[in-house]
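Below, each chain spelled out in residue letters.
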Amino acid sequence: MIEQMRGGTQQYSGPPLPQHSQPFQSQQNHVPSLPPYIQNGPSLMTPQMQQQQLRTMDMSSLSSALPPSQNIRAAAPMPNQFGPPPNLVPEAFQQQQQQSPSPIPPQYQQQSTFQGQANPSVSNQNRVSPQIPSHFPPQPPSNLSGPPSAAFPPYKQPFQVSQIPTFQNQQTPQSLSGPVGYSQQPPLMPPITNQPNLSGLNSYPNQPSSMPPFSNQQSNLSGPTYSQQQRSQAYPPGMQPISSQSNLSGPPVPGIQQQNGSTGYPGQPSAGPQFQQSQQQRIDPDMIPNVVQVLEQMQEKTQEPFITNTLGVLPPLVATNFICQDQGSCNPRFIRATTYSVPNAADMIKQSHIPVALAISPLASLRSEELEPPITNFGDIGPVRCHRCKAYMCSFMQFIDGGKRFICAFCNQCTDVGTEYFNHLDHNGRRLDWYQRPELCLGSYEILATKQYCKDEKWPEAPAFIFMIDVSYSSVRSGLLHFICQILKDELLNYLPKDKNAETSTVRVGFATFDKQLHFYNIKNTLGQPQMMIVSDLEEVFMPLLDGFLALPDESRNVINSLLDQIPQTFAHTQETETILGPVIQAGIEALKGAGRVGKLYIFSTTLPIAVAPGKLANRDDKKLLGTDKEKIILAPVNNFYTKLGEECAQNGCAVDLFVFPNNYLDLATIGEVCRISGGQMYKFNYFSVENDGERLLNELKRNFQRTTVFDALMRVRTSTGIRPIDFLGNFYMTNATEMTFGSIDSDKSVCVELKHDDKLPTETNTFIQVALLYTSISGQRRLRILTLGLTVTAAYTSLYPGCDLDAVMNYTAKVVNQAANMLACYRKNCAQSTTAGQLILPETLKLLPIYVTALIKCDALIGTQTVTTDDRSWLIHKIMAMDVKSTFAYLYPRIFALHNIEEDTIPPMIRCSYERFSETGAYVLENGLVMYIWLGSQINPTVIQCLFGVPSLSQVEAEKCKILDLDNQISKNVRNLLNYIRNDRNSHLKLFIVHQRDSIEPFFKNYLIEDKGFTGGASYVDFLYHLHREIRNILQ
Ligand SMILES: [Zn+2]
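- According to UniProt, the comment filed for the chain under the heading Sequence similarities (unreviewed entry) is "Belongs to the SEC23/SEC24 family. SEC24 subfamily."

See the structure below:
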């Protein structure tokens, strides 16, 4: 039995004992070592980079041979002269019509332009060097593409396995968004058939519909070969995806102008009669810009690596499968800008309504083919920085005076180069060692920090993980307590994270349990049995146990195993239903502080903390408020207790990951604050049962351990003179106007930073962004990660829009507000004036903006309805604030794949998010990075059902089981492979729900079909286009 030492805390009632940690950690972690790429030899070039160098050379020779008309200005979207006007024609298509197919891909054209722009200024040439080393002999272009490799598979079919991007984000397992929140509850809304305003789009394929469908082609959609047919609709036979767009000019689509006059948009989107009217417009959904088609086109264009040596070039869309080569600016996985051509003045931003913002994921996972930021060591001199603005050395600093000084790219001031760092310059003005030094040639690198960068100038200790487990009645009864102890013992302690090159993990672990009391455990390796200590004073929690609370699992494994066996037994018959939470977190912070370590608290909690203690909460849920003006009351914290706790965590290098298992309201709006401010994460498992959720909990914890996580982090964004960061969005704590503090930050977390002009930027130079993240690694090493990005500056609207990154715009917009109509109206006014008034003109780079805005107005997190619980709303809001660009993309426009004709080892083509695209003889999977559904059509072949679920008919499929059985047949294998692929891709063990066509859950499922009218409101995509068009016209008038 665990020795109980009640009152044992008394002896420690004084101030915390002095810590036993050594003033200096074992020096092993901090021995300056040569970065691996230096050890490998003088050249930093990977074979890919060398190849790319050659490619670059090839491009420049190619571009210099171009006539001037092929430069970027010509390639930029210009007023569309195309007619007769198909409305809603994306500009890409218009351009393609205007320009005969060019043998030169767009990115090459842009490169040629850049060189043109760079000519006048020597400094520009230096800043964006052509990156062609003289010692690389030129080779014929045929060598450049090389044989098809795994990295660049030949393009056969869109969205084959190897061409799908690897998503590194989305940690959270669970989406309780919307309907499915409480899966064992009956849906809160009646089935869709009772919803009068759904009559338009909810008609099932092959059924007579009371309303004419948008597209006559709907009736073609049935049958097992649905996917083929659908694709052939999107792309007329024999046509490539891109050229098929030109088909838009074919049969004229009735224009808004012709059909609808100035009353383009027929009133309220959900109003029945008006809706019929809009249907009469018969805009063919196949003729409007759609996500699936654009992704396929982008994927086809993205066969080559994206090289970062040319400023102002738009990176590939996040959802495409691309490889980046860092040659001066950092990988777009780290920083994405909303525009790569920054407006030169504030009034241009005001006019265009395009936010200038950055989406920063400083620890983003890279693909295996991409270069991780190498670690450099400046020795005792520490990081080389600009004397004035403190920017760190980067590829855009310009050395002068024979290498004795450098001009800062950010503030333009000179800094002397110390003798330790001096090197001579070559005839191009570049340091002779620029290839050897990552800070001189790469956009991302790390620096081994010196003691000045450590807290109290002391080397940090390795981090600690503290597991704090609810042992109240509901935790015991659901089997949660037993399950957590079991997986910790059998699995998780073997998965503790370590630095890349380390052999074993140096992470310490500690254990505590709580109900209305708090229990700590001594797991010192010299003990025969673990000891329990009960904290009696919850008002002023202190750490009763310094020696023996945190231990290395390798050293104390027997005691830990014994503890994890005994905890479930000890509390097996508890009747305690009340719990505390505030003192639990406070004690965790004290434990870390006492041990002089940073780390994480893993808190597993099942109920609202109503026991008498600091942080006590009451049930204040009022679902009636959701969707009303008053919803902000219940979506805001009830007090600042947990906010303050989060701040204390952040300042002590501690993050709280909260795993909640509610059967009722938990007030996540309040307790989630501690996760938000500390840089932690909330995981939610409604109505937990080991059978349904155990595997998911285990996988989420494994992923949580295995992703790159750092602690005690400070992030700062520096920019060139003239612009500066003003607004910071995300989950972190700010103690001053410029620095973001994270108790912990990991590879799945992202922040948004908005930039503002102080001054007019000169258009003849570039502008630069530098993100510096100071942190303690998982092995306790103090490092800096430096990410630098160069952007061009423009005064011309025509070059602003081509530089727009829709992904980043949407990521930013999802965190604040949308201004789509204003953006497009400004575009229309400045770039497409000569077009006829009846057309809705979309800039090429923003042509998907309307569909994403359509998604936004239906998004559960932003739009309250009473079908989503209060806690689910809070959880979603928390989630979105930390989402990176890829995850936002997936959240707004779910991926759908057909399962009924899936082939071995392939990812089927994506299907558009519209019920029209479904066949009642089919089966489909839908996923948005938070949740996954399998939809089964009512006329599905029983063989498929037998193969997947092991039962002879659809009616016998138990939707509650939420599982594809592990059956030995090809269909089952293919489907399970696909689901595994999706979960790996999303870095999250997405919860699966099974939906039968026309069952009571289906309306909730349909809410994810973004192109259709939302079942709780929200216009269809086509309706929204009308609306947008009218808005733009109003603005322009
Ligand atoms: Zn400077």
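Now that the structure is up, let's keep going.
## Considerations on the overall build of the chain
Here's step 1: The secondary structure content of the chain amounts to 32 helices and 29 strands.
Here's step 2: The proportion of buried residues among the 1037 residues of the chain is 62%.
Here's step 3: Within the chain, residue pairs in contact and separated by at least 24 positions form 76% of the contacts whose partners lie at least 6 positions apart.
Here's step 4: In the form shown here, the chain has an accessible surface area of approximately 37800 Å², with 51% of it arising from carbon and sulfur atoms.

## Here we look at the coordination of the zinc ion
Here's step 1: The zinc ion binds to the protein through C386 (SG), C389 (SG), C408 (SG) and C411 (SG), with metal-donor distances spanning 2.2 to 2.3 Å.
Here's step 2: Coordination geometry of the zinc ion: the four donor atoms subtend angles of 102 to 115° at the metal centre, consistent with an arrangement described as tetrahedral.
Here's step 3: Counting residues between consecutive donors of the zinc ion along the chain gives the motif C-x2-C-x18-C-x2-C.
Here's step 4: Residue classification places C389 among the partly exposed residues on the basis of a relative accessible area of 23%.

## Topic: the pairing of strand β16 (residues 599–605)
Here's step 1: Within β16, seven of the seven residues are buried, which leaves it mostly tucked inside the rest of the structure.
Here's step 2: In this sheet, strand β17 (residues 654–660) lies alongside β16 in parallel orientation, the contact comprising seven bridges. Looking across to β17, one finds that K600 is bridged to A655.

## Section: the confidence of the model for the chain
Here's step 1: Averaged over every residue, the pLDDT of the chain is 73; the share at 70 or more is 68%.
Here's step 2: Low pLDDT (under 50) marks residues 5–280, which in the prediction has 567 contacts with non-local residues, meaning those over four places away or in another chain.

## Focus: the pattern of salt bridges
Here's step 1: Within the structure shown, the criterion is met by 39 salt bridges.
Here's step 2: Between K702 and E491 there is a salt bridge; the shortest N-O distance is 3.3 Å. A residue pair is termed long-range when its members are at least 10 positions apart, and K702 in helix α22 (residues 690–706) and E491 in the loop between α16 (480–490) and β13 (508–514) qualify at 211 residues.
Here's step 3: The buried category is assigned to K702, whose relative accessible area is 18%.
Here's step 4: When the shortest N-O distance is used, the salt bridge between D693 and R696 registers 3.1 Å. Of this pair, D693 and R696 both sit in helix α22, three residues apart, which is roughly one turn of that helix.
Here's step 5: D693 sits in the buried class, given a relative accessible area of 0%.
Here's step 6: What makes R696 buried here is its relative accessible area of 3%.
Here's step 7: The network of salt bridges with common partners includes R431, D433, R437 and E439.

## Here we look at the side chain of T870
Here's step 1: Here T870 shows up in helix α27 (residues 870–882).
Here's step 2: At 2.4 Å, the side chain of T870 and the side chain of D621 are in polar contact.
Here's step 3: Here T870 is in contact with D621, K623, L626, I634, L635 and Y665, once residues within four sequence places are set aside.

## Concerning the sheet that holds strand β26 (residues 895–898)
Here's step 1: Here four strands make up an open sheet; going across it, the order is β26-β27-β28-β29 and the pairing mixed. Only two strands of the sheet have a single neighbouring strand rather than two, namely β26 and β29 (991–996). Sheet twist, expressed as the mean angle between neighbouring strand axes with direction ignored, is 20°.
Here's step 2: Here β26 pairs with strand β27 (residues 923–927) via four bridges, running antiparallel. Opposite R895, over in β27, you have E927 as the bridge partner.

## Some details on the environment of D968
Here's step 1: On the secondary structure map, D968 appears in the loop between α29 (942–949) and α30 (970–985).
Here's step 2: When the C-alpha atoms of D968 and C947 are compared, they prove to be 8.3 Å apart, with 21 residues separating the residues in sequence.
Here's step 3: Only 3.3 Å separates the side chain of D968 from the side chain of K973, close enough to count as a polar contact.

## Brief notes about the nonpolar core
Here's step 1: If you look at the biggest cluster of nonpolar residues, it comprises 131 residues, and the most contacted ones within it are L518, I585, I603 and L936.
Here's step 2: Top element by residues in this core is helix α32 (residues 1021–1036). It accounts for seven residues.
Here's step 3: In terms of domain composition, this core takes at least three residues from each of domain 1 (152–205 + 212–219 + 231–306 + 818–861 + 1022–1037) and domain 2 (894–1009).
Here's step 4: Setting aside residues up to four positions removed in sequence, I603 forms contacts with M468, F514, L581, V584, I585, V656, D657, L658 and F659.
Here's step 5: With 42 residues, the next largest nonpolar core counts I469, L488, Y521 and F604 among its residues.

## Remarks on the packing of aromatic side chains
The way to describe two aromatic rings as a pair is by their centre distance and the angle between their planes.
Here's step 1: Taken as a whole and judged by the stated rule, the model has 31 aromatic pairs.
Here's step 2: Relative to W935, the ring of Y924 has its centre 5.7 Å away and its plane inclined at 50°; by these criteria the two rings are tilted. Pair noted here: Y924 is in strand β27 and W935 is in strand β28 (residues 931–936), with a separation of 11 residues, a long-range link. The residues Y924 and W935 share a single accessibility class, namely buried.
Here's step 3: By way of ring pairs, the aromatic residues F465, F467, F483, F511, Y602, F604, F659, F661, Y683, F685, F688 and F705 are connected into one cluster.
Here's step 4: Of note, R431 hangs over the ring of Y421, and the distance from its end group to the ring centre comes to 4.2 Å.
Here's step 5: For the cation-ring pair, K1006 lies above Y915, with the distance from its terminal atom to the ring centre recorded as 4.1 Å.

## Some remarks on α22
Helical geometry note: an α-helix holds 3.6 residues per turn, so side chains three or four residues apart project in the same direction.
Here's step 1: Here α22 spans 22 Å end to end across 17 residues, near enough to the 24 Å set by a 1.5 Å rise per residue.
Here's step 2: Most of α22 is tucked away: 12 of the 17 residues are buried.
Here's step 3: Looking only at α22, the buried set comprises D693, G694, R696, L697, L698, N699, E700, L701, K702, R703, N704 and F705.

## Let's talk about unusual backbone geometry
Peptide bonds are, in most cases, trans, and in most cases residues other than glycine have a negative phi.
Here's step 1: Of note, D401 is a non-glycine position whose phi angle comes to about 55°, a positive value.
Here's step 2: In this structure, D401 sits in the loop between β8 (398–400) and β9 (405–407).
Here's step 3: With relative accessibility at 43%, the residue D401 sits in the partly exposed group.
Here's step 4: Positive phi, close to 70°, is recorded for R998, a residue that is not glycine.
Here's step 5: For R998, the position within the fold is in the loop between β29 and α31 (1002–1006).

Procedures and definitions
- Residues numbered from 1 in each chain as written.
- Predicted model: local features only at pLDDT ≥ 70, side-chain atom pairs only at ≥ 80, totals over all residues.
- Heavy atoms only, no water.
- UniProt positions renumbered as here; feature names shortened; annotations may be inferred.
- Helix = DSSP H or I, 4+ residues; strand = E, 2+ residues; numbered from the N terminus.
- Buried < 20%, exposed > 50% of the residue type's maximum accessible area, 1.4 Å probe, protein only.
- Contact = heavy atoms within 4.5 Å.
- Areas by Shrake-Rupley, 256 points an atom, 1.4 Å probe, with all protein chains shown as cover.
- Donors = N, O, S within 2.8 Å, 3.2 Å for Na, K, Ca; no water.
- Tetrahedral: all angles 85-135°; square planar, octahedral: opposite > 155°, others 65-115°.
- Pairing = 2+ DSSP bridges.
- pLDDT = per-residue confidence, 0-100.
- Salt bridge = Lys/Arg side-chain N within 4 Å of Asp/Glu carboxyl O.
- Polar contact = N/O pair within 3.5 Å; in protein donor to acceptor, adjacent residues only side chain to side chain.
- Axes fitted to C-alpha atoms, helices over the stretch in contact; angles between N-to-C directions.
- Core = buried A, V, L, I, M, F, W, Y, C linked by side-chain atoms within 4.5 Å.
- Domains from an automatic or database assignment.
- Phe/Tyr/Trp six-rings, centres within 6.5 Å; stacked < 30°, edge-to-face > 60°.
- Lys NZ or Arg CZ within 6 Å of the ring centre and 35° of its normal.
- Expected span 1.5 Å × (residues − 1).

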